[in-house]
Amino acid sequence: MKVSVKFPILFTLILVSLSTNRFIFSDHGSFALPDEFSPKIYAKHTIGQTFISNFPNLCKVGVFVVKDDLMGTGKIIFHLTSSVDSSKDIVRLEVNTSEVTDNWRLFRFPPTFDRKSYLYFFQFPPISYSEKKNFYFYLESPGTTEESGLRFGITRNKFRQGYSGGVSYLDSVPQEWYLLFQTYCAWQGDVKSVLREIIHRLLMDKQFITIYALICFIIFLALIYTNLKLQRFKKE
Amino acid sequence: MKDLILKWTLIGLLIRFLIMPFSSDVDIFWLNYVPHQLVKEGIWDGYSFVKEHFWERIGPSRNPYYPPLTYFMIAFFQFLFKPFMPTLNNWFENYERFLKLGGGIFLQHLILPGTTQIFRNIFFLKFPLLLFDFGIGLLLLRMCLLRNEDSLFVYKLWMLNPATIYAGFGYGQIDIYPTFFVVLSLYLVMLNKPYMSIVSLGLGALTKSYPLILMPLAAVFLKRKFTEQMKLLFAGIATLIILYLPFCIASGGYALVSLFPGGTIGTGFQGNIKSILFSSALVMGYILTLIHIYSRSHDSPTRFKLETYFLIILLLFFAFQPIGERFYIWITPLLALEASRDRKLLFLILFQIVSLALLRLQSTEQWAGLFAPLHPAFFMSRPFIYTFIAPFLSILNFQRITYRFFILITLLMIYRIIRKNSKILYEGVS
């Protein structure tokens, strides 16, 4: 029975296209769960964080939101700006609290049922110029009261957050605790750019790469020689 | 025969060389940073150093560092290869600064300043693993030759061992060190040197603690009288005490935490029913094995049977404890020896490796991300198996199914090994 090659290829392509977030990687965030939660954010109160993106194409920012606070009918507004003082949004997103859930299925560690908070990601088109740039994101929940406000995951242990370059804010005032957050960047490029970068990194240490390549070549030659010797022995 | 061994040695060497400089995990930094304090500042007590500078990061219950022999061995090789790594000091200074500010994920380690010589640093930091890896290969060869077993088959398996290549030369972890000492201990049993064999297990426990669980088995197996068994066990424990004592005194007992780090020996206990059942199964299996050894006390000890007992216990351990994928190295030399006598076991081993990979390799860092030193953004953004499973199946359910499959395969292996070796285990016929 003849089997067409087209079907496995088509199947693979469909399978690949069905999965989302394929070519992104984590820049900031340690994947540690919060050991504390912020004061309630409601009405005009805000909670925010500054950070520097290490890579271009910043495309997702995630925070931990307490599950129990999501029962109401409020919303969360996410703002991404260039600094605490800037009023111009680079990104502005709104989500109803009822829609907030774990929206990143591939955790570093599996989710546990007794977890108090969801890890929710705000996703936006990649910001191509984000490499080495300062950003400030803040969250607010207008229309909520102190009772229906939202709490976000924080920690007082800088090693849990795993990011040292930024400051957490409450109502634009710096805080001593750390907002637990994660950022993702998208990789966009082609084979040529990847190869170019790899060769560039290899040639940063020409001396080692030359000697190393020579040793690998010698091992390879020795292997061929031994193999030929064995084949000759077999024939004899 | 010599040419065949040479051929496979060159194949093994080439595979390892091709991977060594270009792959890494985040562990390689901490693993080498702490012993670096001995090389750079002459700090012999790494535990006190960690306690003083990184208490907030490590805390009282997390593993500060590996046991002392690992500390000294890594420091020794760093000292030896120091002339070839001129930027190592600078690299670790930047790493220390980065850590003290809070640290970060693996990707951020790779873009720390001082990465111009990252490939050579990774290569030389992993170089000692080659020595121990080929040491195991030679020991396996020798053991099989002495017993007229298929030494070439075992050697080939070892040279192509995916666990060593992945976890040792890919990751840069040091599980090859205790594995070497366990294989050495079996070799010393063959040479009828029981005390040196148990000391070898003690030395293995001084690199990573898992050989501790094999020590009582070995003591009971190698000697028949209770007093002699205790003397043997004492010799093994004394090996540990001699090296640990100075560190315990200096660090106020903190060094002992390195003996029982999370996820290595039974510290995955979570206090729920499943954990209790699994731990009980492991303890029961261990006790039954000890009882069996006692009941066969009239047999003469051979390497062959002790290796089977070691394998059964470690497989039980893998089945009932949350073992990480890189710890699979521990049992691979024993599996290679067993597979040389029972080729069909290879199928079960293959299923076991695949299920362990699906279960434990939970992020890009553990797959393509290992090659992130070559191009951080590209390799860290590669999708991995869960990316394709997640749209169709909950990852948690997938892991549950895979874990049950892994346990089943492991238990089947234990059953097969016992059945195949029943003549030797039960009748003392070799």
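Everything in this summary refers to the structure shown in the same document. Just so you know, these numbers come straight off a predicted model, no measurement behind them.

Calculation notes
- Every chain is numbered on its own, with residues counted from 1 as its sequence reads.
- Think of it this way: whatever chain is written first is A, whatever ligand is written first is 1, and the rest follow in order.
- Local features in this predicted model are restricted to residues whose pLDDT is 70 or higher, and side-chain atom pairs enter the listing and the counts only when it is 80 or higher, whereas totals over whole chains, interfaces and linings include all residues.
- Hydrogens and water are ignored here; the side-chain numbers use all heavy atoms of the structure.
- Helix and strand labels come from DSSP, where a helix needs a run of H or I of at least four residues and a strand needs a run of E of at least two; each type is numbered from the N terminus.
- The reference for a compact globule is 2.2 Å times residues^0.38; the radius of gyration itself is calculated from the C-alpha atoms.
- Relative accessibility under 20% of the residue-type maximum defines a buried residue, over 50% an exposed one, and the middle range a partly exposed one, all with a 1.4 Å probe and only protein chains included.
- We call two residues in contact whenever any of their non-hydrogen atoms come within 4.5 Å of each other.
- Residue burial considers only the protein chains on display, and all accessible areas are found by Shrake-Rupley using a 1.4 Å probe.
- A positive count includes Lys and Arg, and a negative count includes Asp and Glu. His and the chain ends are not counted in either.
- Note on charges: their place is set at NZ of Lys, CZ of Arg, CG of Asp or CD of Glu.
- To define axes, lines are fitted to C-alpha atoms, for helices over the stretch in contact only, and angles between the resulting N-to-C directions are given on a 0 to 180 degree scale.
- Note on convention: the crossing is left-handed when the near helix lies turned anticlockwise from the far helix by less than a right angle, right-handed when the turn is clockwise.
- Three categories are distinguished: nonpolar for Ala, Val, Leu, Ile, Met, Phe, Trp, Tyr, Cys and Pro, charged for Asp, Glu, Lys and Arg, and polar for the others, with Gly belonging to the last.
- Think of a polar contact as two N or O atoms within 3.5 Å of one another; within protein, one of them needs to be a possible hydrogen donor and the other a possible acceptor, and neighboring residues in sequence only count if both atoms come from side chains.

### Description of the overall build of chain B
- A tally of helices and strands in chain B yields 21 helices and zero strands.
- What you see for chain B is a C-alpha radius of gyration of 22 Å, in line with the 22 Å of a compact globule of 430 residues.
- Across its three principal axes, chain B shows a C-alpha extent of roughly 65 × 55 × 55 Å.
- Counting the 430 residues in chain B, one finds 63% classified as buried.
- Partitioning the contacts of chain B with sequence separation of at least 6, the portion at a separation of at least 24 is 78%.
- In the form shown here, chain B has an accessible surface area of approximately 16300 Å², with 69% of it arising from carbon and sulfur atoms.
- Side-chain charges of chain B comprise 37 positive and 21 negative groups, with the mean position of each set lying 6 Å from the other.

### A word on the overall build of chain A
- Summing up its helical and strand segments, chain A has four helices and 13 strands in all.
- Residues classed as buried in chain A amount to 43% of the 236 residues present.
- Long-range pairs, those at least 24 residues apart, make up 80% of the contacts in chain A between residues at least 6 apart in sequence.
- For chain A, the exposed surface amounts to about 13200 Å²; the carbon and sulfur share of it is 60%.

### Looking at the packing of helix H8 (residues 151-159) of chain B against helix H16 (residues 332-341) of chain B
Residue and element names in this part refer to chain B.
- Orientation of H8 relative to H16, taken along the N-to-C sense of each, is 145°, at an axis distance of 9 Å. In this structure, H8 crosses over H16, and the sense of that crossing is right-handed. The residues of H16 that touch H8, namely those facing Phe153, Val154, Leu157 and Trp158, are Thr332, Pro333, Ala336, Leu337, Ala339 and Ser340.
- Of the residues belonging to the contact of H8 with H16, the class tally is eight nonpolar, two polar and no charged.

### Digging into the side chain of Asp342(B)
Residue and element names in this part refer to chain B.
- In this structure, Asp342 sits in the loop between H16 and helix H17 (345-360).
- Within the structure, the side chain of Asp342 is placed 2.6 Å from the side chain of Arg416, a separation counted as a polar contact.
- Residues in contact with Asp342, not counting those within four places in the same chain, are Arg416 and Lys420.

### Considerations on the packing of helix H4 (residues 68-81) of chain B against helix H7 (residues 118-146) of chain B
All names here are of chain B.
- Packing of H4 against H7 leaves a shortest axis separation of 9 Å and a crossing angle of 115°. The interaxial crossing formed by H4 with H7 has right-handed handedness. In contact with Met73, Phe77, Gln78 and Phe81 of H4, H7 contributes Phe124, Leu125, Phe127, Pro128, Leu131 and Phe132.
- Each residue belonging to the contact of H4 with H7 can be placed in one class, and the counts come to nine nonpolar, one polar and no charged.

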